[in-house]
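Breakdown of the fold
One-letter residues, chain by chain:
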Amino acid sequence: MFAQGVVPYGWLPVGKRRDVPVTGAHGSNVQAIGFEHQDGHTQSCLHKGYVSTETVIQIMDDFGETIEQTTVVVLDNASCHTSHAFKACVERWAARGLLVYHLPPYSPELNSIERLWKKLKYQLMPVEAWEKFSTLLKTLTSKLCDIGEVIFMPSLESYAKSLLQTCLLSLAD
């Protein structure tokens, strides 16, 4: 049995170069921003386009409204997690019981959700999923629904209704 997925590397003899055609959904991307709870449950927020500080602040604000006890969110040192605007919100979140902990630089292996993203990207997503944006979003939504909750950011509202229906149908099976 062969594993499916994306191979992010390759080798050629020294001095040889090979052009490899690139396929896939060019110009559109979807980002997953997620929370992994201690019990393994995940909440994934899907966003079309690039993630800005404002996007992360909105997600943190929304997540802060759902917590019932003191909660620590572990973050890497991406610029959207260390910007002045983000830092300005940390005290407000702490007052709600949402604490922010930044990992040491260059240590994604310490953040358990990074292992999930890697497995999702390189093992769970079939190659065909990357061909069109609609296929990517549908497959990503389905895979994330299998392991937790999926929330669509406003940038994906036009896609959300049909995809959530698909997600609910897969949960019923």
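Look up a bit, the structure's there.
Residues numbered from 1 in each chain as written. Predicted model: local features only at pLDDT ≥ 70, side-chain atom pairs only at ≥ 80, totals over all residues. Heavy atoms only, no water.

Looking at the overall build of the protein chain
- On a plain count of helices and strands, the protein chain comes out with 6 helices and 5 strands.
- Its helices and strands taken in sequence order, the protein chain reads β-β-α-β-α-α-β-α-α-β-α from the N to the C terminus.
- Long-range pairs, those at least 24 residues apart, make up 64% of the contacts in the protein chain between residues at least 6 apart in sequence.
- For the protein chain, the exposed surface amounts to about 11,700 Å²; the carbon and sulfur share of it is 55%. (Helix = DSSP H or I, 4+ residues; strand = E, 2+ residues; numbered from the N terminus. Contact = heavy atoms within 4.5 Å. Areas by Shrake-Rupley, 256 points an atom, 1.4 Å probe, with all protein chains shown as cover.)

Brief notes about the packing of helix α4 (residues 112–124) against helix α5 (residues 133–147)
- As a packed pair, α4 and α5 sit with axes 12 Å apart at the nearest point and diverge in direction by 130°. Viewed along their axes, α4 and α5 adopt a mutual orientation that is oblique. At the point where α4 passes α5, the crossing takes the right-handed sense. Two secondary-structure elements touch here, α4 through L116, W117, L120 and L124 and α5 through L140, K143, L144 and I147. (Axes fitted to C-alpha atoms, helices over the stretch in contact; angles between N-to-C directions. Parallel < 35°, antiparallel > 145°, perpendicular 65-115°, else oblique. Left-handed = near helix turned anticlockwise from the far one by under 90°.)

Looking at the side chain of H47
- Tracing the backbone through its elements, the reader meets H47 in strand β2 (residues 42–48).
- Polar contacts involving the side chain of H47 include one to the main-chain carbonyl oxygen of Y50, which spans 3.1 Å.
- If sequence neighbours within four positions are ignored, H47 has contacts with N29, V30, Q31, I33, T55, M153, S155 and L156. (Polar contact = N/O pair within 3.5 Å; in protein donor to acceptor, adjacent residues only side chain to side chain.)

Some details on the packing of helix α1 (residues 53–66) against helix α3 (residues 84–96)
- Between α1 and α3, whose axes approach to 11 Å, the crossing angle comes to 0°. Accordingly, the angle class assigned to the pair α1 and α3 is roughly parallel. Of the residues in α3, those in contact with T53, V56, I57, M60, D61, G64 and E65 of α1 are A85, F86, C89, R92, W93 and R96.
- Looking at the contact of α1 with α3, its residues break down into 7 nonpolar, 2 polar and 4 charged. (Nonpolar A, V, L, I, M, F, W, Y, C, P; charged D, E, K, R; others polar.)

Topic: α3
- At V90, α3 is deflected by roughly 30°, the largest bend along its length.
- Buried within α3 are the following residues: F86, C89 and W93.
- Positioned one or two residues after α3, G97 has a phi angle of 95°, which is positive. (Bend = angle between axes of the 7 residues up to and from the residue. Buried < 20%, exposed > 50% of the residue type's maximum accessible area, 1.4 Å probe, protein only.)

Examining the pattern of salt bridges
- According to the stated counting rule, one finds 2 salt bridges in the structure shown.
- Residue D61 pairs with R92 through a salt bridge whose shortest N-O separation is 2.7 Å. With D61 in helix α1 and R92 in helix α3, this pair connects stretches of sequence that are 31 residues apart.
- Among the residues examined, D61 registers a relative accessible area of 17% and is labelled buried.
- Exposure remark for R92: the relative accessible area of 36% places this residue in the partly exposed category.
- The partner of R96 in a salt bridge is E65, with the nearest N and O atoms 3.4 Å apart. Linking R96 in helix α3 with E65 in helix α1, this pair joins segments that are 31 residues apart in sequence. (Salt bridge = Lys/Arg side-chain N within 4 Å of Asp/Glu carboxyl O.)

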